[in-house]
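Residue-level structural notes
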Amino acid sequence: MKKRNYVVAAASALALALTACGGGTAEETTAAAQTTEAADESAEETASEEAEDETAEETSEETEESADAESKAEASEITAEDVTAFAEEAASAVMNEDIEELADLTAFPVYVASVTDNEGVVEDRETFVALGDSLFTDAFVEAVTSADVSSLEKTEAGYVIGDGTPNITFNVGEDGKLAITGINNQ
């Protein structure tokens, strides 16, 4: 819209400049008229392009909103059985001290209480797997494997396996699937 206003203003100023002195020749008047017409055509083209851009932006926003709505719909499709099954998988990975399996269930970046670098945030799977056996403290294994996963209630942070700490927190991710979002192993 701003471009159109600038083009119209520039064309008007040019037309005025050409005719402002008055008493111009017929050629000057014709040239001014042609310049004004060209500017008007340019302004119409610019307005048309801007309308197309706005339509494209609106379509893009609608697509993003639709994707968000689909993600939320998928999240609402997570059942109590899904939560229990996921919690059982996580508890099994901890019981077997299987860092690879636990990594498969984890969304990155993930918070891990025992990590001192980056304030406990583990950015990627490779770094997480490198934690190895240090993740599986006796207290952590005991807390997660002895927890009753059949009746987990959702909290603000998500679902928590374990009473107090140590524990595992998991939630529905942006992709609509359950994933581990935090591990407190201390």
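Look up a bit, the structure's there.
Small disclaimer: the values here were computed from a predicted structure and weren't measured.

1. Notes on the packing of helix α3 (residues 80–95) against helix α6 (residues 138–145)
Running from N to C, α3 and α6 cross one another at 150°; their axes reach a closest spacing of 9 Å. The pairing of α3 with α6 is recorded here as roughly antiparallel in orientation. Judged by the sense of rotation from one axis to the other, the crossing of α3 with α6 is left-handed. Counting all contacts with α3, which are made through A91, V94 and M95, the residues of α6 involved are F140, V141, V144 and T145. Of the residues in the contact of α3 with α6, the class split is 6 nonpolar, 1 polar and no charged.

2. Brief notes about the pattern of salt bridges
Under the defined criterion, the tally for this structure stands at 2 salt bridges. We note a salt bridge from R125 to E100, for which the minimum N-O separation is 2.7 Å. Of this pair, R125 sits in helix α5 (residues 125–130) while E100 is found in helix α4 (residues 99–104), placing the two residues 25 residues apart along the sequence. Accessibility expressed as a relative area gives 39% for E100, which makes it partly exposed. Residue D104 pairs with R125 through a salt bridge whose shortest N-O separation is 2.8 Å. In this pair, D104 sits in helix α4 while R125 sits in helix α5, placing the two residues 21 residues apart along the sequence.

3. Some points on α3
Over its 16 residues, α3 extends 22 Å from the first C-alpha to the last, a length consistent with the 22 Å expected when each residue adds 1.5 Å. Restricting attention to buried positions, one finds in α3 the residues V83, T84, F86, A87, A90, A91, A93 and V94.

4. A word on the packing of aromatic side chains
Under the criterion given, the structure shown has 4 aromatic pairs. Between F86 and F170, the ring centres sit 4.8 Å apart and the planes meet at 45°, which makes this aromatic pair tilted. Remark: F170 occurs in strand β4 (residues 167–172) and F86 occurs in helix α3; sequence separation between them is 84 residues. Take F86: its relative accessible area is 7%, and that puts it in the buried class. Overall, F170 belongs to the buried group, its relative accessible area being 0%. Linked through ring pairs, F86, Y159 and F170 together constitute an aromatic cluster.

5. Thoughts on the environment of V129
With respect to the element layout, V129 can be found in helix α5. Measuring from C-alpha to C-alpha, the distance between V129 and A103 comes to 6.8 Å, with 26 residues separating the pair along the chain. Ignoring any residue separated from it by four or fewer positions in sequence, one finds V129 in contact with I99, E100 and A103.

6. Some remarks on α6
Listed in full, the buried residues belonging to α6 are F140, V141, A143 and V144. Each buried residue of α6 sits inside an arc of 170° when the element is viewed along its axis, so together they form one side. Those residues of α6 that are buried lie in contact with α3, β3 (159–161), β4 and β5 (178–184).

7. Observations concerning the environment of A91
Tracing the backbone shows A91 in helix α3. What makes A91 buried here is its relative accessible area of 12%. Here the alpha-carbon distance between A91 and A143, two residues 52 residues apart in the chain, equals 9.5 Å. When neighbours within four sequence positions are excluded, A91 is seen to be in contact with V144 and T145.

Conventions we followed
Every chain is numbered on its own, with residues counted from 1 as its sequence reads. Totals for whole chains, interfaces and linings use all residues, but because this is a predicted model, local features are given only for residues with pLDDT of at least 70 and pairs of side-chain atoms are given and counted only at 80 or more. Only hydrogens and water are removed before side-chain values are computed, so all heavy atoms of the structure are retained for them. Every axis corresponds to a line fitted to the C-alpha atoms, with the helix fit spanning only the stretch in contact, and the corresponding angles, defined between N-to-C directions, vary from 0 to 180 degrees. Secondary structure elements are taken from DSSP: a helix is a run of H or I of four residues or more, a strand is a run of E of two residues or more, and numbering for both begins at the N terminus. What sets the label is the angle itself: under 35 degrees gives roughly parallel, over 145 gives roughly antiparallel, 65 to 115 gives roughly perpendicular, and the rest give oblique. Crossing chirality is assigned from the near helix's rotation relative to the far helix, an anticlockwise turn below a right angle marking it left-handed and a clockwise turn marking it right-handed. Contacts were defined at the residue level, with two residues in contact if any of their heavy atoms lie within 4.5 Å. Here the term charged refers only to Asp, Glu, Lys and Arg, the term nonpolar to Ala, Val, Leu, Ile, Met, Phe, Trp, Tyr, Cys and Pro, and the term polar to all other amino acids, Gly among them. We count a salt bridge whenever a side-chain nitrogen from Lys or Arg sits within 4 Å of a carboxyl oxygen from Asp or Glu. Note on exposure labels: buried denotes an accessible area under 20% of the residue type's maximum, exposed denotes more than 50%, and partly exposed covers the range between, all computed with a 1.4 Å probe on protein chains only. Working rule for helices: expected span equals 1.5 Å times residues minus one. Stacked, tilted and edge-to-face are the three classes applied to pairs of Phe, Tyr and Trp rings, where Trp contributes its six-membered ring and a pair requires centres within 6.5 Å; stacked means planes under 30 degrees apart, edge-to-face means over 60, and tilted covers the rest. Along the arc lie the directions from the helix axis toward the C-beta atoms.

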